[in-house]
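For reference, the chains in residue letters:
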Amino acid sequence: VRLADFYDSYLKSNNWQFKERPEYLRDQGALDESDPRVPRIIIPNYITMMSNCLNVSAYYDLCCIDLCEDLLDTLEFEIQAPQASPEQIRKV
């Protein structure tokens, strides 16, 4: 999502969710500046930012689940190496 479109949602509808500053998005790994003329939001990184969690009690926050984490955990457990061939990954 282009950063301009991201902010446009906030400006046009006063949507409170989309107002983070570029510096914060960059710090959180949610800003893609590979083309400096058209910065973009990295949606999976944006969704999993702590600022998107709800503080539901003094003991825990409620955050979006990153479904890829389970897959990565399984791969790391099964392969136990810093890299793997496509064939090794396919077997898992």
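Preceding block: the structure.
Model, not experiment: these values are computed from the prediction.

1. Observations concerning the environment of aspartate 8
Mapped onto the elements, aspartate 8 comes out in helix 1 (residues 3-13). Overall, the relative accessible area of 31% leaves aspartate 8 in the partly exposed class. Spatially, the C-alpha atoms of aspartate 8 and lysine 19 are 9.6 Å apart, while their sequence positions differ by eleven residues.

2. As for the environment of glutamate 23
Relative to the helices and strands, glutamate 23 is located in helix 2 (residues 22-27). On the accessibility criterion, glutamate 23 (43% relative accessible area) is partly exposed.

3. Quick notes on helix 4 (residues 67-79)
End to end, helix 4 covers 19 Å across 13 residues, agreeing with the expected 18 Å (1.5 Å per residue, within 8%). Glutamine 80 lies just past helix 4 and shows a positive phi near 50°.

4. Considerations on the nonpolar core
The biggest cluster of nonpolar side chains holds nine residues, and these are Leu3, Phe6, Tyr7, Leu25, Ala30, Leu31, Ile41, Tyr46 and Met49. Sorting elements by how many residues they give to this core places helix 1 first, with three residues. Look past the residues within four positions of alanine 30 in its chain and what remains in contact with it is Leu25, Arg40, Ile41, Ile42, Asn45, Tyr46 and Met49.

5. Observations regarding unusual backbone geometry
Phi at glutamine 80 takes a positive value of approximately 50°, unusual for a residue other than glycine. Inspection of the secondary structure puts glutamine 80 in the loop between helix 4 and helix 5 (86-91). With a relative accessible area of 62%, glutamine 80 lands in the exposed category.

6. Section: a negative patch on the surface
Where like charges cluster on the molecular surface, the negative patch consists of Asp66, Glu69, Asp70, Asp73 and Glu76. Relative to the helices and strands, aspartate 66 is located in the loop between strand 4 (61-62) and helix 4. Here aspartate 66 falls in the partly exposed class, since its relative accessible area comes to 32%.

Conventions used here
Residues numbered from 1 in each chain as written. Predicted model: local features only at pLDDT ≥ 70, side-chain atom pairs only at ≥ 80, totals over all residues. Heavy atoms only, no water. Helix = DSSP H or I, 4+ residues; strand = E, 2+ residues; numbered from the N terminus. Buried < 20%, exposed > 50% of the residue type's maximum accessible area, 1.4 Å probe, protein only. Expected span 1.5 Å × (residues − 1). Core = buried A, V, L, I, M, F, W, Y, C linked by side-chain atoms within 4.5 Å. Contact = heavy atoms within 4.5 Å. Patch = residues over 30% accessible without salt bridge, like charges linked within 9 Å, V, L, I, M, F, W, Y side chains within 5 Å. Areas by Shrake-Rupley, 256 points an atom, 1.4 Å probe, with all protein chains shown as cover. Salt bridge = Lys/Arg side-chain N within 4 Å of Asp/Glu carboxyl O. Lys, Arg positive; Asp, Glu negative; His and termini not counted. Charge placed at Lys NZ, Arg CZ, Asp CG, Glu CD.

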